Amino acid sequence: MILIRPFNPEDRQAWEPLWQGYLTFYKSTLPAEVTQTTWRRLIDPAEPMHGLVAILDGKVVGIVHYLYHRSTWSTGDYCYLQDLFTAEQARGRGVGRALIEAVYDRAKADGASRVYWLTHETNTAAQALYDKVASRSGFIQYRRVF
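**Observations concerning the layout of surface pockets**
Here comes step 1: Approximately 1,800 Å³ is the volume found for the largest pocket.
Here comes step 2: Together, 39 residues line the largest pocket, and Tyr80, Trp117, Leu118, Thr119 and Gln141 are the ones closest to its centre.
Here comes step 3: Among the secondary structure elements, those contributing two or more residues to the lining of the largest pocket are α1 (12–25), α2 (32–43), β4 (78–86), β5 (114–116) and α4 (124–133).
Here comes step 4: Split by residue class, the lining of the largest pocket holds 18 nonpolar, 14 polar and seven charged.
Here comes step 5: Its boundaries defined by the atoms lining it, the second largest pocket holds a volume of some 530 Å³.
Here comes step 6: Lining the second largest pocket are 25 residues, with Thr86, Arg91, Ala125, Ala126 and Tyr130 sitting closest to its centre.
Here comes step 7: Only α1, β4, α3 (95–109) and α4 provide two or more residues apiece to the lining of the second largest pocket.
Here comes step 8: Among the elements that take part in the lining of the second largest pocket, β4 stands out by supplying six residues, more than any other.
Here comes step 9: Taken together, the residues that form the lining of the second largest pocket break down as 14 nonpolar, seven polar and four charged.

**Regarding the pairing of strand β2 (residues 49–56)**
Here comes step 1: For β2, a buried count of seven out of eight residues is recorded, marking the element as mostly surrounded by other parts of the structure.
Here comes step 2: With five bridges connecting them, strand β1 (residues 2–6) and β2 associate as antiparallel partners. Among the inter-strand pairings, Ile2 is bridged to a residue of β2, identified as Leu56.
Here comes step 3: Pairing between β2 and strand β3 (residues 59–69): eight bridges, direction antiparallel. Paired with Ala54 across the bridge in β3 is Gly62.

**Comments concerning the side chain of Asn123**
Here comes step 1: Relative to the elements of secondary structure, Asn123 occurs in the loop between β5 and α4.
Here comes step 2: For Asn123, a relative accessible area of 10% puts it in the buried group.
Here comes step 3: Asn123 has contacts with Phe25 and Tyr26, leaving out every residue within four places of it along the chain.

**Topic: the pairing of β4**
Here comes step 1: Burial analysis of β4 places eight of its nine residues in the buried class, the great majority of the element.
Here comes step 2: Looking at chain direction, β3 and β4 are connected through eight bridges and run antiparallel. Bridge assignment links Leu67 to a residue of β4, and that residue is Tyr80.
Here comes step 3: In this structure, β4 lies alongside β5, joined through three bridges in parallel fashion. Paired with Tyr78 across the strands is Arg114, a residue of β5.
Here comes step 4: Chirality of the crossover, the property in question, places the unit of β4, α3 and β5 among those that are right-handed.

**A closer look at the environment of Asp44**
Here comes step 1: Locating Asp44 in the fold gives a position in the loop between α2 and β2.
Here comes step 2: With 35 residues separating them in the primary sequence, Asp44 and Pro9 have C-alpha atoms 9.4 Å apart.
Here comes step 3: At a separation of 2.8 Å, a polar atom in the side chain of Asp44 contacts the main-chain amide nitrogen of Ala46.

The rules behind each value
Residues numbered from 1 in each chain as written. Predicted model: local features only at pLDDT ≥ 70, side-chain atom pairs only at ≥ 80, totals over all residues. Heavy atoms only, no water. 1 Å grid on protein atoms, 1.4 Å probe; cavity = no way out; pocket = protein on both sides within 12 Å on 5 of 7 lines; lining within 4 Å. Points joined across faces, edges and corners; volume = space filled by probe spheres on them. Helix = DSSP H or I, 4+ residues; strand = E, 2+ residues; numbered from the N terminus. Nonpolar A, V, L, I, M, F, W, Y, C, P; charged D, E, K, R; others polar. Buried < 20%, exposed > 50% of the residue type's maximum accessible area, 1.4 Å probe, protein only. Pairing = 2+ DSSP bridges. Contact = heavy atoms within 4.5 Å. Right-handed = clockwise from strand over helix to strand, strands pointing away. Polar contact = N/O pair within 3.5 Å; in protein donor to acceptor, adjacent residues only side chain to side chain.

Below, the structure written as C-alpha cells:
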C-alpha cells in the first residue's frame, strides 16, 4: 500500500536525496541556497508551492512538487506539477501514478481547472505513464533564462 501525504519538516532528510536524484536525472545542479529556499517554501503553509511524499514499506520513495497560478483562460487556477521523482527501487510499483493522482485530487478540491506538467522529450519511461493519466497538449515550450 502506498501512502501519500503532505511534507512535514521531519521529511527533509528523506526529501533531499530524492530531490538530488531528480536534479541528477536532468543533469542539473543547484546552489545549496536554492535547495534550502525550495524546502522552506514546500513546508510553509503561506506559500503557493506544495509537496507530497509517497511512502512504501515505511520508507519515503517518491516526491512531487506542485504550485497554483492564475490563468487568463479560466476562472479557476491552474496547477503546475513541477517536479516528480521516484526512487529507483520503487519504480514500476505505482508510486508515480499515486503521486499524480494525489495532485489531481488536491487540485480538484482546491478549485483548479487544470493540472499540467512538462517532461523532457527523451524521458520515455515517464511518458509511458503520463500517456495513461493525461493527454499531450501539443504545445512546445520556449524559454529564456536570466
